[in-house]
Amino acid sequence: MPSSLRNAALPMAFGIALLALWEWAVRHYAVPEYVVPGPVAIAHALGRDGADLLAGLAVTLQVTVAALALAAVTGALLAFALAQSRLVEQTLFPYAIFLQVTPIVTIAPFIIIWVSNVFVVLLILAWMAAVFPIISNTLLGLKSADPNLRDLFRLYQASRWQTATKLLLPSALPYFLGGLRISGGLALIGTVVAEMVAGTSGARSGLASRLLEASYRLELARAMACFVLLSVTGLVLYAALDALSNFLLRHWHESARSREE
Amino acid sequence: MSGTTATASAVTVDHVTKVFPSGTEALAPIDLSVAAGSFVSFVGPSGCGKSTLLRMIAGLVPSTSGTISRAWPPGAKGIGFVFQDPTLMPWATVAGNVELPLQIAQFDLTAAARKEKVMEALRLVGLEGFAMAYPRELSGGMRMRVSIARAIVTQPRVLLLDEPFAALDEFTRFQLNEDLLTLWQKNRWTVLFVTHSIREAVFLSERIVVMSPRPGRVVLDKAVTFVAPRTPALRDAHAFTDTCAEIGRSLGNAMGEL
């Protein structure tokens, strides 16, 4: 389709032009690689250190995915608990907000002291970054169930369990998935920040630690290569969660409706 | 109480009032008894409390005073309810929506028997070919048919309908009126039907209860007897238009009293 082709072609052409300008500027002004590396140098670093960097990415990705999964499960459960009564929500929701507004960098030092396992430290911090949108969105979804359908379930004398599984969970699903898409990016950011603060190093260190290490050594091409990999990872993560959401909602929700319909 | 005996009464409303928490008096004391197997319509202007009365009879809204005795078992086995909106679960197929009351109430049915009942209900409303469709793929009239199929799939003792066809175009509305009438003439559930369409009420009902504006009172309680079985041709009969005119006058008087 010509319009979709143009949708992809325009930003790509713009990106290539930008990269070309960058490369030209670096060469023309003879900027040393330890100040600003050009795209070619970054690509070269990516090729040279590829295996090493991918090992780091695997570590980062492990933490990110684990934290996101944990946030999805605990966030949904917490939202469900909060939805049980107005009193519970009023009592506990401010603490969920507290979790959201506190910069995790400020909590990291304490977690690092209290928990010895580095993986667990990273997991906790990334979870803290990721969980709030899931709690808040799922809670909204649980409260948005059609009031007439609620009446119908009441009329049919549905049990709490039946109402939860047949009415509340499906009603909340689109909201939960919306939260999950936001949390995917936040889990990655949380992991990266946590890695940098925790100062992990060695073969089991994540990509963000390697980025930091490389920048200390003024290996900026390698550091930028880490940055590129992390950005691409964020995009892929978002695309994957978007695809998951569209797949689960394909039959019924407006958000997953194909444009042609 | 009216002449019906206690055993034949599906529901008896005894001196029931409703005052909303805001202090608004929605219903003045209402007394009425509905015979089992009859089709009764409630007509009245918006805000006359007819929907509130229906919801109180269903047990969805508590009454402020008075008692309501129901001759049907609670839950999906006893009652079917059709809202003004189709109120379908968008995530479930047509068959899934219709099966809901069978799943909730503990009917001793195998999955195959449940499916058979669902298909039977869909046949009755003329949607047997749409079992696997999702609600968003259907027109407004078809969605309302699904809603009716869901209400009758359990063969409930009483069917309550709260302005079910108000949002539909006239052609679809006539069609659904005729289908509902055919279903009722075959199955003889007790039907309580709330509407603000006089023609719809006269076409369908054996008895029409006309209510006044807030606080709602019964201003006319009229038996409607036409030759059975009723057919669409009834809408052109003199007796039909005369009855419509009488209900209209009664409503007009009730409005004038304000």
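**Points about the overall build of chain A**
For step 1, the next point in the chain: Along the backbone of chain A there are 10 helices and zero strands.
For step 2, the next point in the chain: When the helices and strands of chain A are placed in sequence order, the string is α-α-α-α-α-α-α-α-α-α.
For step 3, the next point in the chain: Counting only C-alpha atoms and orienting by the principal axes, one finds that chain A spans roughly 75 × 55 × 25 Å.
For step 4, the next point in the chain: Split into buried and exposed, the 261 residues of chain A put 36% on the buried side.
For step 5, the next point in the chain: Looking at chain A alone, contacts between residues at least 24 apart form 75% of all its contacts between residues at least 6 apart.

**Regarding the sheet that holds strand E1 (residues 9–19) of chain B**
Paired through their backbone hydrogen bonds, the strands of a sheet run either parallel or antiparallel.
All names here are of chain B.
For step 1, the next point in the chain: The strand order E2-E1-E4 describes an open sheet built from three strands, whose pairing is antiparallel. In this open sheet, the two edge strands, each paired with only one partner strand, are strand E2 (25–35) and strand E4 (65–70). When the angles between neighbouring strand axes are averaged without regard to direction, this sheet yields 15 degrees.
For step 2, the next point in the chain: Strand direction decides the pairing type here: E1 and E2, joined by seven bridges, are antiparallel. Note on E2: the bridge partner recorded for valine 13 is leucine 32.
For step 3, the next point in the chain: In the packing of helix H1 (residues 50–58) onto the sheet, the strands contacted are E1, E2 and E4, and the crossing angle to E1 comes to about 120 degrees.

**Considerations on the interface of chain A and chain B**
For step 1, the next point in the chain: Facing the 14 residues of chain A at the interface are 18 residues of chain B.
For step 2, the next point in the chain: Secondary-structure elements contributing two or more residues to the side of chain A that touches chain B are helix H7 (147–155) and helix H8 (160–198) of chain A.
For step 3, the next point in the chain: No other element matches H7 of chain A, which puts six residues into the side of chain A that touches chain B.
For step 4, the next point in the chain: In terms of residue class, the side of chain A that touches chain B is built from seven nonpolar, four polar and three charged.

**Here we look at unusual backbone geometry**
Residues and elements named next belong to chain B.
For step 1, the next point in the chain: Arginine 214 connects to proline 215 through a cis peptide bond whose omega is -5 degrees.
For step 2, the next point in the chain: Position of proline 215 relative to the elements: it lies in the loop between strand E8 (207–211) and strand E9 (218–223).
For step 3, the next point in the chain: Not every positive phi belongs to a glycine, and histidine 15 is a case in point at roughly 55 degrees.
For step 4, the next point in the chain: Mapped onto the elements of the fold, histidine 15 is located in strand E1.

**A look at helix H3 (residues 111–124) of chain B**
Residue and element names in this part refer to chain B.
For step 1, the next point in the chain: Compared with an ideal rise of 1.5 Å per residue, which puts 14 residues at 20 Å, H3 spans 20 Å between its outermost C-alpha atoms and is within 8% of the ideal.
For step 2, the next point in the chain: What H3 keeps buried is the set Val118, Ala121 and Leu122. Around the axis of H3, the buried residues are gathered within 100 degrees of arc, so they sit on the same side. For H3, the exposed residues lying more than 90 degrees away from the buried face are Ala112, Ala113, Glu116 and Arg123.
For step 3, the next point in the chain: For H3, the secondary structure elements touched by its buried residues are helix H2 (94–104) and helix H4 (140–152).
For step 4, the next point in the chain: Just downstream of H3 lies glycine 126, where phi reads positive at about 75 degrees.

**Quick look at the nonpolar core**
For step 1, the next point in the chain: Of all hydrophobic cores here, the largest spans 136 residues; its most connected members are Leu125, Ala126 and Ala130 of chain A together with Ala149 and Leu160 of chain B.
For step 2, the next point in the chain: No other element matches helix H6 (residues 118–143) of chain A, which puts 16 residues into this core.
For step 3, the next point in the chain: When residues of this core are sorted by domain, at least three fall in each of domain 1 (6–72 + 159–256) and domain 2 (89–156) of chain B.
For step 4, the next point in the chain: Apart from the residues within four sequence positions on either side, leucine 160 of chain B is in contact with Leu54, Ile57, Ala58, Ile79, Phe81 and Leu192 of chain B.

Rules and cut-offs
Residues numbered from 1 in each chain as written. Chains lettered and ligands numbered in written order. Predicted model: local features only at pLDDT ≥ 70, side-chain atom pairs only at ≥ 80, totals over all residues. Helix = DSSP H or I, 4+ residues; strand = E, 2+ residues; numbered from the N terminus. Buried ≥ 20, exposed ≤ 12 C-beta atoms within 10 Å, placed from the backbone. Contact = placed C-beta atoms within 7 Å. Pairing = 2+ DSSP bridges. Axes fitted to C-alpha atoms, helices over the stretch in contact; angles between N-to-C directions. Nonpolar A, V, L, I, M, F, W, Y, C, P; charged D, E, K, R; others polar. Expected span 1.5 Å × (residues − 1). Arc of directions from axis to C-beta. Core = buried A, V, L, I, M, F, W, Y, C linked by C-beta atoms within 7 Å. Domains from an automatic or database assignment.

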